[in-house]
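Analysis of the macromolecular model
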Amino acid sequence: MATDPIHQFQIERIVPIDVGGLDLSFTNSALFMVLSAVVGSGLLLWATMHRRLVPARMQSAAEIFYEFVAKMHRDAVGGEGMRFFPLVFTLFLFILVANLFGMFPYFFTVNSHIIVTATMALFVFFLVIGFGIWRNGFKFFKIFVPDGIPGLVLPFIVLIEILSFFTRPLSHAMRLFANMLAGHITLKVFGGFVISLGQSAIFGAGAVSTIVGVSLAIVALIATIALTALEFLVAGLQAYIFAMLTSIYLSDAVHPGDH
Amino acid sequence: MELEVATELGNLIADAGSAIGAGAACMGVGAAGIGLGVLFGNFVSAAIRNPAAADGQFGRLIFGFAVTEAMGVFSLVIAFLLLFT
């Protein structure tokens with residue numbers, strides 16, 4: 001059993017599949033992505049199974065969840081952008097369930113790999129460009145030209161706006177990836193502190209150092225518990241932030257020039 | 001024989017440099033702390049002036065928290081990259 005904080009992110013092939021040199025194995029990452037999708041949608045489907053007009057507990061919870069995401073999306077994009085609501089809801093649900101699955105011991109955190117978050121962020125990025133140009137034609141490029149800028153600085157502002165537009169998918173992906181990666185590494189590191197400090201009690205290093213070691217280990221344990229609670233908050237928050245930023249970027253495609 | 005020693009020395013220096021860089025990158029986390037303090041301080045001082053409007057702006061506060069925290073976490077990721085690869 002490896003005790004370094006990096007080992008938890010190792011990709012392991014569960015079902016090796018080789019298609020003409022291309023490695024399409026079913027890995028632990030793929031397993032947890034499938035689990036997130038199935039459990040997430042399964043929970044919602046089961047909760048809304050009976051479709052009562054006056055909802056019972058589970059259906060009410062599902063409706064509150066739905067309304068939470070719908071309100072966030074509607075506030076960001078408005079009526080015309082509600083066509084993208086299924087995408088935003090799916091992203092939010094998938095990321096939330098995947099992050100929460102990562103909190104269980106020995107489970108794999110899907111979003112702790114940049115390729116996963118970058119795929120979702122690039123999808124949103126190309127969707128924004130594609131839909132923006134398809135819907136608005138060349139008026140889409142008005143997002144690079146904010147209102148009320150004096151003529152002299154305009155070229156520089158446009159250049160900076162274009163640059164910041166292209167760093168959007170980078171920061172969008174990095175935010176979720178970095179939060180998951182750093183959070184789980186921190187949890188493992190503090191967990192390791194508990195073990196390494198508590199070892200003085202097992203290996204009998206003399207009374208004083210045992211007392212000091214064990215008390216520091218208890219402090220480290222309390223810190224680990226606090227950090228786990230924080231990680232739960234971050235898991236939910238990062239899913240919400242990813243979805244909200246998706247909505248905001250889509251509002252640029254739906255009505256450009258609204259800075 | 002000398003080439004092995006030189007390579008080993010080079011690796012040790014590179015590892016030491018990585019460790020120093022990782023420690024330096026953690027200053028970015030402190031900068032994120034400053035940003036968060038500014039954000040929440042402004043929110044609290046505005047909320048005390050206008051408590052009725054405070055709850056309506058809570059969503060914006062959480063959004064600002066997440067994007068500011070992200071910068072701190074980016075620098076932490078650089079530190080981890082230096083330490084562990």
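Residues numbered from 1 in each chain as written. Chains lettered and ligands numbered in written order. Predicted model: local features only at pLDDT ≥ 70, side-chain atom pairs only at ≥ 80, totals over all residues.

Thoughts on the overall build of chain B
- Counting its secondary structure elements, chain B contains 4 helices and 0 strands.
- In chain B, the succession of helices and strands from N to C terminus is α-α-α-α.
- The C-alpha extent of chain B, read off along each of the three principal axes, is 75 × 15 × 10 Å.
- Looking at chain B as a whole, 9% of its 85 residues qualify as buried.
- Intrachain contacts of chain B at a sequence separation of at least 6 include 93% that bridge at least 24 residues. (Helix = DSSP H or I, 4+ residues; strand = E, 2+ residues; numbered from the N terminus. Buried ≥ 20, exposed ≤ 12 C-beta atoms within 10 Å, placed from the backbone. Contact = placed C-beta atoms within 7 Å.)

Concerning the overall build of chain A
- The helix and strand tally for chain A stands at 7 helices and 4 strands.
- Written out in order from the N terminus, the α and β elements of chain A read β-β-β-β-α-α-α-α-α-α-α.
- Taking 259 residues into account, the globule formula puts the C-alpha radius of gyration at 18 Å, and chain A, at 23 Å, lies well above it.
- Overall, chain A is about 75 × 60 × 50 Å in size when its C-alpha atoms are taken along their principal axes. (Rg over C-alpha atoms; globule rule 2.2 N^0.38 Å.)

Observations regarding the packing of helix α4 (residues 114-136) of chain A against helix α6 (residues 168-202) of chain A
All names here are of chain A.
- Where α4 contacts α6, the axes come no closer than 8 Å and their chain directions differ by 145 degrees. Here α4 and α6 pass one another in a crossing that is right-handed. Across the interface between the two elements, I114, T117, A118, A121, L122, V124 and F125 of α4 pack against R168, P169, H172, A173, L176 and F177 of α6.
- For the contact of α4 with α6, the residue count by class is 10 nonpolar, 2 polar and 1 charged. (Axes fitted to C-alpha atoms, helices over the stretch in contact; angles between N-to-C directions. Left-handed = near helix turned anticlockwise from the far one by under 90°. Nonpolar A, V, L, I, M, F, W, Y, C, P; charged D, E, K, R; others polar.)

Focus: unusual backbone geometry
All names here are of chain A.
- Although it is not a glycine, R51 sits at a positive phi angle of roughly 50 degrees.
- Examined against the element boundaries, R51 turns out to sit in the loop between α1 (28-47) and α2 (57-77).
- With a phi angle near 70 degrees, Y106 is a residue other than glycine that sits in the positive phi range.
- With respect to the helices, strands and loops of the structure, Y106 is situated in the loop between α3 (85-101) and α4.

Some remarks on the environment of V67(B)
Residue and element names in this part refer to chain B.
- Note on placement: V67 falls in helix α4 (residues 58-84).
- Here V67 falls in the partly exposed class, since 15 other C-beta atoms lie within 10 Å of it.
- Separated by 63 residues in the primary sequence, V67 and E4 place their C-alpha atoms 47 Å from one another.

What to know about the interface of chain B and chain A
- Counting residues at the interface gives 10 residues for chain B, matched by 11 residues for chain A.
- For the side of chain B that touches chain A, the residue count by class is 10 nonpolar, no polar and no charged.

A few points about the nonpolar core
- Grouped together as the largest cluster of nonpolar side chains are 51 residues, with contacts concentrated most on L91(A), F92(A), I95(A), A178(A), A239(A), F242(A) and A243(A).
- If you list the elements that add at least two residues to this core, you get α2, α3, α4, α6 and α7 (207-254) of chain A together with α4 of chain B.
- At 13 residues, the largest contribution of residues to this core is made by α7(A).
- Each residue touching I95(A), except ones within four places of it in the same chain, is listed here: N111(A), L176(A), A239(A) and F242(A). (Core = buried A, V, L, I, M, F, W, Y, C linked by C-beta atoms within 7 Å.)

Regarding the confidence of the model for chain B
Residue and element names in this part refer to chain B.
- On average, chain B scores 92 in pLDDT, and the residues at 70 or more come to 100%.
- When mean pLDDT is taken per element in chain B, helix α2 (residues 27-49) scores highest with 95 and α4 scores lowest with 89.
- What the predictor reports for the complex is a pTM of 0.89 with an ipTM of 0.78. (pLDDT = per-residue confidence, 0-100.)

Focus: the packing of α2(A) against α7(A)
Residues and elements named next belong to chain A.
- Where α2 contacts α7, the two axes come as close as 8 Å, and the packing angle between them is 35 degrees. Handedness of the α2/α7 crossing: right-handed. Residue-level contacts link V69, M72, H73, A76 and V77 of α2 to A243, M244, S247, I248, L250, S251 and V254 of α7.
- Of the residues assigned to the contact of α2 with α7, the class counts are 9 nonpolar, 3 polar and no charged.

Digging into α4(B)
- Given a rise of 1.5 Å per residue, 27 residues ought to cover 39 Å, and the 38 Å separating the end C-alpha atoms of α4(B) matches this to within 8%.
- Buried residues of α4(B): A66(B), E69(B), G72(B), V73(B), F74(B), L76(B), V77(B) and A79(B), and no others.
- Where α4(B) is buried, its residues touch α6 and α7 of chain A together with α1 (2-25) and α2 of chain B. (Expected span 1.5 Å × (residues − 1).)

A short note on the confidence of the model for chain A
- For chain A, the average pLDDT comes to 90, and 98% of its residues sit at 70 or higher.
- When mean pLDDT is compared element by element in chain A, α3(A) scores highest at 97, while strand β2 (residues 18-19) of chain A scores lowest at 88.

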